Amino acid sequence: MKYITILAASFIMLLTACNNETKEAAKEEPKKGGMPGMGMGMGMMMNPWETVEISKSNPKVMLKLAGELKPDQQTALFAKVNSYVKSIRVDIGDKVSAGQILAVLEAPEIQSQVASAKAKLEAQEAIYFSTKATYDRTMKANETQGAIAKDALDQIKARKLSDEAQLNAARSAYNEIKDINNYLVIKAPFSGTITDRNVDLGAYVGPMNKEPLLVVENNQKLRLNLSVPEANTPYLKLGDTIRFHVRSQPQQKHIALVSRKSGSLDLKLRSEKIEADFINKNNILKPYMVAETTIPLQNTEPTFFVPKTAVVESGMGVYVIRVENGKTKNVPVSKGRVMPEQVEVFGELNQGDKILKMGSEEIQEATEVPNKPNNPNKK
């Protein structure tokens, strides 16, 4: 009897617990079902027919581009003739001046050719001077009528002209081989810094070498190279200033002056190459650093800026949807400058036109717009 009582009590407690769990689940059921209803309500609040009235403005749009710093001048120096490095007078990091001797090469066969050409020139000069002296005496004697036969005069004139031509040929040959000999002395084409050296004493060098002997760079002035997208090229002019910083020194701001525009677009990127000069005082920046630039773009006259969501890009082109007489009309536009929330557009738009804020290619043209759309921004 005692065991029966205990079993009955246990069974009652189990039923009570199950009943409580059922009630708890029933209480939570409406809460779980309320979320979708709430989400549906929020979705219903989004009005696809909301319109905005457009008006012209002329804001200053900041364009951010990554650029590259390059040296104002850079030259790779190669050997003109096959030779050996006799001496090298500079190393990486050395400052050099224009015309300074950087390296001296040695080519014994060329030096022998120079000596031979010089000897031939001197010999031909002696022959010519002798012939010219004979010619001068003959012409002096010819002042006495009948003293010199005509054949003798013709022969001496021809000999003088022949020896003079040979002298000129010998002089040209000597100058040519002497110029080649001058190539054995490597000089700095401009003032700058040695940034690369690929040879040592005794190295065999020549015009077929892939690597240059030395590389000279002028880093006192750097060129900031940028590729400006086509839509932004009309707003950037010579003399404009560009603010930038480099990734290795983000806390320091610098200014460069736009000095050159290519005047043509790159076929692949559809952008124009722009160069801005930066005076690199104390060499605070180095060539080939990546620069993060900020370029202010402002038009000469006001234009239309619309919400980015209003611009539709589809297979039919780029357009905005204007509301005319209660119906939609697709107006083709082209995009210009871009702001965080708005984009500049050009097309057959007028001051005060109303366009759909949420443009969509699913909205067919000539679709009727509700008479009183729920427009929270309407004043």
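Note that the structure is a prediction, hence the values are computed from the model and not measured. (Residues numbered from 1 in each chain as written. Predicted model: local features only at pLDDT ≥ 70, side-chain atom pairs only at ≥ 80, totals over all residues. Heavy atoms only, no water.)

Right, let's get into helix α3 (residues 150-182). Over its 33 residues, α3 extends 48 Å from the first C-alpha to the last, a length consistent with the 48 Å expected when each residue adds 1.5 Å. Three or more residues of α3 are buried, namely L153, I156, K160, D163, L167, A170, Y174 and I177. Residues of α3 that are buried make contact with α2 (108-141). (Helix = DSSP H or I, 4+ residues; strand = E, 2+ residues; numbered from the N terminus. Expected span 1.5 Å × (residues − 1). Buried < 20%, exposed > 50% of the residue type's maximum accessible area, 1.4 Å probe, protein only. Contact = heavy atoms within 4.5 Å.)

Note: strand β17 (residues 317-324) against strand β18 (residues 327-338), 6 bridges, orientation antiparallel. Each bridged residue has a counterpart across the sheet, and for Y319 the counterpart in β18 is P332. One ladder, built from 4 bridges, connects β18 with strand β19 (residues 342-347); its direction is antiparallel. Bridging from a neighbouring strand, V338 pairs with V343 of β19. Count of turn residues in the β18/β19 antiparallel hairpin: 3 residues. (Pairing = 2+ DSSP bridges.)

This next bit is on the packing of aromatic side chains. Applying the stated rule across the entire model yields 3 aromatic pairs. Seen from their ring centres, F244 and F278 are 5.6 Å apart, and the 85 degrees between their planes marks the pair as edge-to-face. Of the two residues, F244 is situated in strand β11 (residues 241-246) and F278 in strand β13 (residues 271-279); the sequence distance between them amounts to 34 residues. As far as the burial class goes, F244 and F278 line up, both buried. Its guanidinium or amino end placed over the ring of Y183, K80 lies 5.6 Å from that ring's centre, counting from NZ or CZ. (Phe/Tyr/Trp six-rings, centres within 6.5 Å; stacked < 30°, edge-to-face > 60°. Lys NZ or Arg CZ within 6 Å of the ring centre and 35° of its normal.)

Let us now look at the environment of A119. Positionally, A119 belongs in helix α2. Overall, the relative accessible area of 43% leaves A119 in the partly exposed class. Residues A119 and Y174, spaced 55 residues apart in sequence, show a C-alpha to C-alpha distance of 9.1 Å.

The next point concerns the confidence of the model for the protein. Considering every residue of the protein, the mean pLDDT works out to 84; 85% of them sit at 70 or more. Below pLDDT 50 for its whole length, residues 1-8 participates in 0 contacts with residues either more than four positions away or in separate chains. Low confidence marks residues 21-44, where pLDDT is under 50. Its contacts with residues over four positions away, or in another chain, come to 0 contacts. (pLDDT = per-residue confidence, 0-100.)

Turning to the nonpolar core, a few remarks are in order. Within the largest apolar cluster, 30 residues are counted, with the highest numbers of intra-cluster contacts made by L102, L105, L213 and L214. For this core, the secondary structure elements donating two or more residues are β4 (83-88), β6 (101-106), α2, α3 and β10 (214-229). Top contributing element to this core by residue count: α2, with 5 residues. In contact with L102, other than residues within four places in its own chain, are L77, I88, R89, V90, V96, I186, K187, A188, I194, L214 and V216. One finds L222, I242, L285 and M289 within the second-largest nonpolar core, a separate group that totals 22 residues. (Core = buried A, V, L, I, M, F, W, Y, C linked by side-chain atoms within 4.5 Å.)

Its 34 residues place the ends of α2 50 Å apart at the C-alpha level, agreeing with the 50 Å of an ideal helix rising 1.5 Å per residue. Turning to α2, its buried residues number three or more, namely I110, V114, A117, L121, Q124, Y128, T131, Y135 and T138.

Once that is clear, we can look at the sheet that holds β6. As summarised here, the arrangement of the 4 strands in space is β7-β6-β4-β9, forming an open sheet in which the pairing is antiparallel. At either end of the open sheet lies a strand with only one pairing partner, and these are β7 (185-187) and β9 (204-205). In this structure, β4 lies alongside β9, joined through 2 bridges in antiparallel fashion. Residue pairing in the sheet places Y84 in a bridge with Y204 of β9.

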